[in-house]
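Descriptive analysis of the structure
Next come the chains, spelled out residue by residue.
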Number of protein chains: 2
Amino acid sequence: MKKYTEMTMDELKQELESVKSEYGKIKEMGLNLNIARGKPGKEQLDLVSDIFDILPSTSDFMVGPDDVRNYGVMSGIEPAKVLFADILGTKPENIFVGGNASLQLMYDTIAKAYTHGMLHSDKPWGKLDKVKWICPVPGYDRHFSICQSFGMETINVPMGETGPDMDMVEELIKDPQVKGMWNVPKYSNPDGIIYSAETLERIAGMKPAAKDFLLMWDNAYVIHEFDGDYVPFPDILSLCEKAGNPDMVFEYASTSKVTLPGAGVAVFACSKANMEYMESLITIQAISFDKTNQLRHAIYLKDKAHTLELMKKHAGILGPKFKTVLNTLEKEIEPLGIATWQKPKGGYFVSINCLPGTAKETWRLCKEAGLVMTGAGATYPGGNDPEDSNLRIAPSLPAPEVVEQAMKVFCVCLKHAALEKLMK
Amino acid sequence: MKKYTEMTMDELKQELESVKSEYGKIKEMGLNLNIARGKPGKEQLDLVSDIFDILPSTSDFMVGPDDVRNYGVMSGIEPAKVLFADILGTKPENIFVGGNASLQLMYDTIAKAYTHGMLHSDKPWGKLDKVKWICPVPGYDRHFSICQSFGMETINVPMGETGPDMDMVEELIKDPQVKGMWNVPKYSNPDGIIYSAETLERIAGMKPAAKDFLLMWDNAYVIHEFDGDYVPFPDILSLCEKAGNPDMVFEYASTSKVTLPGAGVAVFACSKANMEYMESLITIQAISFDKTNQLRHAIYLKDKAHTLELMKKHAGILGPKFKTVLNTLEKEIEPLGIATWQKPKGGYFVSINCLPGTAKETWRLCKEAGLVMTGAGATYPGGNDPEDSNLRIAPSLPAPEVVEQAMKVFCVCLKHAALEKLMK
């Protein structure tokens, strides 16, 4: 197949005829497909639902002197801290075990920066005229929504194959109004990029003008390989500490995609000084989180090694879906020169960079043909993708045959939009 | 027995000798007793731990089209909304089902007022020079800690037998800087007072100068009778709506003392307009709370009638402990004229008003004798009881025989402090 970008106008016209005919047939099928959100599929949920057999049979509810059913033990039970410390490569005393969602913990950290200030803040951010924030793009829409909700000025920094453009980041942090930065360092959402050792070192060694700079480290996919073995990843807390920045980073993780998204356990990890400060604030807000669920998880997941075995089972379900996505793209799109993408081995997404000015149109064509995708632009702050070129594919929720059909529809729509663009 | 307040100096001296001797004997016993916090006892926790048998055996995890194990359904599953609406006397659409603790929901409402403002705010409270807050006293220490944490100026309003002094409240709300008010309207913490119908009407009909006035309605003990039948209590949302103040009130409740403090379900209730506004903010913060726990609770508690049956069983455990407290006070203290207290039939506390200037000393004497009580002053904002006269007794956690012993110690210490005060 000839690349679209090298076709003559006549060839483009002829190809569009053919693609239009395919698209027409798809529309007639009256499909109703959805690859919009990174939700685990039913098979994955069923895989781990024996977690509900854990209590009370296996346990007597006591952890040391504490009854997990009662009030208290605000920062989480020790066995849950030990488990997450093992997974993240840090120490149990650096772990705060919260409720069921890391998003809530991330939001809460930023909310506290606004209402009370961070450990090294001169005053609450709510008293500042302006807060600027570094957003590697494409990125996670819910991160960016938090920035918007708090009225931050967001600054796009492009992601490359080794992580965010660090030259640009190092320049930006000279501005004291730049107060923080989002990161999904392993299997980034949506590209599936793993930050390189050099990127990690440069990030940990940053010298931001803002002394209360908040490095938000959303390690959502820390053990989430769907293809191949677990890839070790350095502990950012140690790296920051070594670089003289112990209090710069807050790390987040959860079992949302290990056990259950609706009923998992989430944590944040930070330095000892940050932990003392955050606990002094959180003790006003919470007596304790759901420790029965923490105990359930500690017993069910045991330790990192045992959790990695479980992740292999998830990979057994997820892997084929991602294979379908990547194989279809390789077969249908790669020869045409109309899009590029990473080939991730973990995470929950595949991110497509199509011809500038064709993402929205591809999305619209998909929608009209009965395929719902994450909104075009959603991977950029404000939903504003300046090139209109990024689209996110989330194949985890639907059954494999649905993913296959969805990818066929997607490829036809991508071609359709590209051809029309090239003919303008 | 003669009243201490009517004794001659000689009589006081003689009585003090006798009390000191009793106190000395108690100290020698090396006791280690605690009646400080409103935690349910082990027998209560055991009573409801069959709630963990509910999932997955009884349920297939589906509520309508939604799998409770997955992401989504942010405001809570319908069966949980129906249950809480039944208990609170409101409509399911007025209910937001959150995580495991109403304290977190209350904190979050106030945090959102500071970061984003309430529905009728001109700007976030974080941008205001001053926020003042009405605190009925004595009250709940964790409420007051929230005020302190956010730097509010707190204003004490005395509680009477029918609720807070409403003449004073109506005067205070003329000040537009007065932005809200705490309430525990049924079995107030710590007095156990139930707001009267007239108080409720005056509160619902308030016309605060602040159009974003926040009536915080912590209905923590709405079905928590420990002596006698359930006492019906009006729905504050309807009362506020009828009075033309539909958006003034946020109500809170939880199952912390119905099922489990560490693993219950909490809700807030508010008007439709408030709900839309809050959901528009919370959707940035949370994808969903733990819906498996919501389902567990909806199945386990069924409805209000069935929940009230369970509360009778709790009362069977709690009632005797409170009886011990009240009987001991009646026998040992009432004749002496050195303290007054309400005789609550529900809630989790008994609140003692002893002679001005003797609360701290009583507390100190108790502590020295091995009895830990809620700190003297804790029932006032900033821990500052201007009369130094209020003490809170929380008899729920210890075994009945411990409560009996604790009350003996307490009464001796109370007498000791009173005698010394009267002899000055």
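Below, the structure is looked at part by part. All figures in this text were calculated on a predicted structure; none of them were measured in a lab.

Turning next to the interface of chain A and chain B. Facing the 55 residues of chain A at the interface are 55 residues of chain B. When chain A packs against chain B, the two sides together hide about 4400 Å² of surface, and 54% of this comes from carbon and sulfur. Counting the surface chain A buries against chain B, the share from its top three residues, A:R69, A:Y71 and A:I284, is 17%. Our count for the contact surface shared by chain A and chain B stands at two salt bridges. Of the charged contacts in the structure, one is a salt bridge between B:D46 and A:R69, with a shortest N-O distance of 2.8 Å. Put simply, chain A and chain B have 22 residue pairs in polar contact (both at pLDDT 80 or more) between them.

With 117 residues, the main nonpolar core has A:L215 and B:L215 as its most contacted residues. Look past the residues within four positions of B:L215 in its chain and what remains in contact with it is B:M181, B:N183, B:I203, B:M206, B:I236, B:C240, B:M248, B:V249 and B:F250.

Our focus in this paragraph is the environment of B:F96. Residues and elements named next belong to chain B. By the element assignment, F96 lies in strand β4 (residues 95–97). You can call F96 buried: its relative accessible area is 0%. Sequence spacing of F96 and A269 is 173 residues, and the spatial spacing of their C-alpha atoms is 6.2 Å. Residues contacting F96, with those up to four places away along its chain left out, are M74, S75, A266, V267, F268, M275, E279, I282 and F289.

Looking now at the pattern of salt bridges. All names here are of chain B. Inspection of the entire model under this criterion finds 46 salt bridges over all chains. A salt bridge links D46 to K42; the nearest nitrogen and oxygen atoms lie 2.7 Å apart. Residue D46 and its partner K42 are located together in helix α2 (residues 42–48), separated by four residues, close to a single helical turn. In this structure D46 comes out as partly exposed when scored by relative accessible area, which is 38%.

Attention now goes to the pairing of strand β9 (residues 214–218) of chain B. All names here are of chain B. Most of β9 is tucked away: five of the five residues are buried. Residues L214, M216 and D218 point to one face of β9 and L215 and W217 to the other, with burial holding for every one of them. Here strand β8 (residues 178–183) pairs with β9 via four bridges, running parallel. Considered in β9, the bridge of G180 is made with L214. What joins β8 to β9 is helix α7 (residues 197–204), and the crossover it makes is right-handed. Where β9 meets strand β10 (residues 249–254), four bridges bridge the pair, whose relative direction is parallel. If you follow L215 over to β10, its bridge partner there is V249. Taken together, β9, helix α8 (residues 236–242) and β10 constitute a β-α-β crossover, and its handedness is right-handed.

We now examine the environment of B:Y277. Residue and element names in this part refer to chain B. Following the sequence through the fold, Y277 ends up in helix α9 (residues 272–285). On a C-alpha basis, the gap between Y277 and M118 in space is 8.1 Å, while along the polypeptide they are 159 residues apart. The contact partners of Y277, leaving out residues within four places of it in the chain, are H116, G117, M118 and L119.

All names here are of chain A. Here the amide bond leading from V137 into P138 is cis, since omega sits at -5°, within 30 degrees of zero. Along the chain, P138 falls in the loop between β5 (132–137) and α5 (141–149). With omega at 10°, the peptide bond leading from N189 into P190 counts as cis. With respect to the helices, strands and loops of the structure, P190 is situated in the loop between β8 (178–183) and α7 (197–204). In this structure, V73 takes a positive phi of about 55° despite not being glycine. Along the chain, V73 falls in the loop between β3 (66–67) and α3 (78–88).

This part takes up a positive patch on the surface. On the surface, a cluster of positive charge is contributed by A:K123, A:K127, B:K123 and B:K127. Looking at where A:K127 falls in the secondary structure, it is placed in the loop between α4 (102–115) and β5. Overall, A:K127 belongs to the partly exposed group, its relative accessible area being 44%.

This paragraph deals with the relation of the copies chain A and chain B. The transformation that overlays chain A on chain B combines an axial shift of 0.0 Å with a rotation of 180°, and the residual RMSD is 0.0 Å. Considering both components of the superposition, the chain copies are consistent with a two-fold axis. Closest to the rotation axis within chain A is the C-alpha of A:G126, separated from it by 2.9 Å. The fraction of interface residues of chain A whose copies in chain B are also interface residues reaches 100%, indicating that both copies meet through the same surface.

Turning to the environment of A:E404, a few remarks are in order. Residues and elements named next belong to chain A. Note that E404 resides in helix α13 (residues 400–423). Judged by relative accessible area, which is 41%, E404 ranks as partly exposed. Considering only alpha carbons, one finds E404 and T328, 76 residues apart in sequence, at a separation of 8.1 Å.

Next up on the list: the sheet that holds strand β9 (residues 214–218) of chain A. In a beta sheet, neighbouring strands pair by backbone hydrogen bonds and run either parallel or antiparallel. Residues and elements named next belong to chain A. Strand order in this open sheet of eight strands is β4-β11-β10-β9-β8-β5-β6-β7, and the pairing throughout is mixed. Each end of this open sheet is capped by a strand with a single partner; those strands are β4 (95–97) and β7 (163–164). Here two bridges tie strand β6 (residues 153–160) to β7, and the two strands are oriented antiparallel to one another. If you follow G160 over to β7, its bridge partner there is G163. Sheet strands in contact with α7 are β7, β8 and β9, and its direction is about 145° off that of β9.

This next bit is on the packing of aromatic side chains. Applying the stated criterion across every chain, the model contains 24 aromatic pairs over all chains. A ring pair is formed by A:F52 and B:F61, whose centres lie 5.7 Å apart and whose planes are at 35°; its orientation type is tilted. Linking A:F52 in the loop between α2 (42–48) and β2 (62–63) with B:F61 in the loop between α2 and β2 (62–63), this pair reaches from one chain into another. Residue A:F52 is classed as buried on the basis of its relative accessible area, which comes to 4%. Aromatic pair B:W133 and B:W182: ring centres 5.9 Å apart, planes at 55°, arrangement tilted. With a gap of 49 residues between them, B:W133 in strand β5 (residues 132–137) and B:W182 in strand β8 connect regions that are remote in the sequence. On the basis of relative accessibility, which here comes to 0%, the residue B:W133 falls in the buried class.

Reading the values: rules and limits
Residues numbered from 1 in each chain as written. Chains lettered and ligands numbered in written order. Predicted model: local features only at pLDDT ≥ 70, side-chain atom pairs only at ≥ 80, totals over all residues. Heavy atoms only, no water. Contact = heavy atoms within 4.5 Å. Buried area = accessible area lost by both parts, 1.4 Å probe. Salt bridge = Lys/Arg side-chain N within 4 Å of Asp/Glu carboxyl O. Polar contact = N/O pair within 3.5 Å; in protein donor to acceptor, adjacent residues only side chain to side chain. Core = buried A, V, L, I, M, F, W, Y, C linked by side-chain atoms within 4.5 Å. Buried < 20%, exposed > 50% of the residue type's maximum accessible area, 1.4 Å probe, protein only. Helix = DSSP H or I, 4+ residues; strand = E, 2+ residues; numbered from the N terminus. Pairing = 2+ DSSP bridges. Right-handed = clockwise from strand over helix to strand, strands pointing away. Patch = residues over 30% accessible without salt bridge, like charges linked within 9 Å, V, L, I, M, F, W, Y side chains within 5 Å. Areas by Shrake-Rupley, 256 points an atom, 1.4 Å probe, with all protein chains shown as cover. Lys, Arg positive; Asp, Glu negative; His and termini not counted. Charge placed at Lys NZ, Arg CZ, Asp CG, Glu CD. Least-squares fit on C-alpha atoms with pLDDT ≥ 70 in both. Axes fitted to C-alpha atoms, helices over the stretch in contact; angles between N-to-C directions. Phe/Tyr/Trp six-rings, centres within 6.5 Å; stacked < 30°, edge-to-face > 60°.

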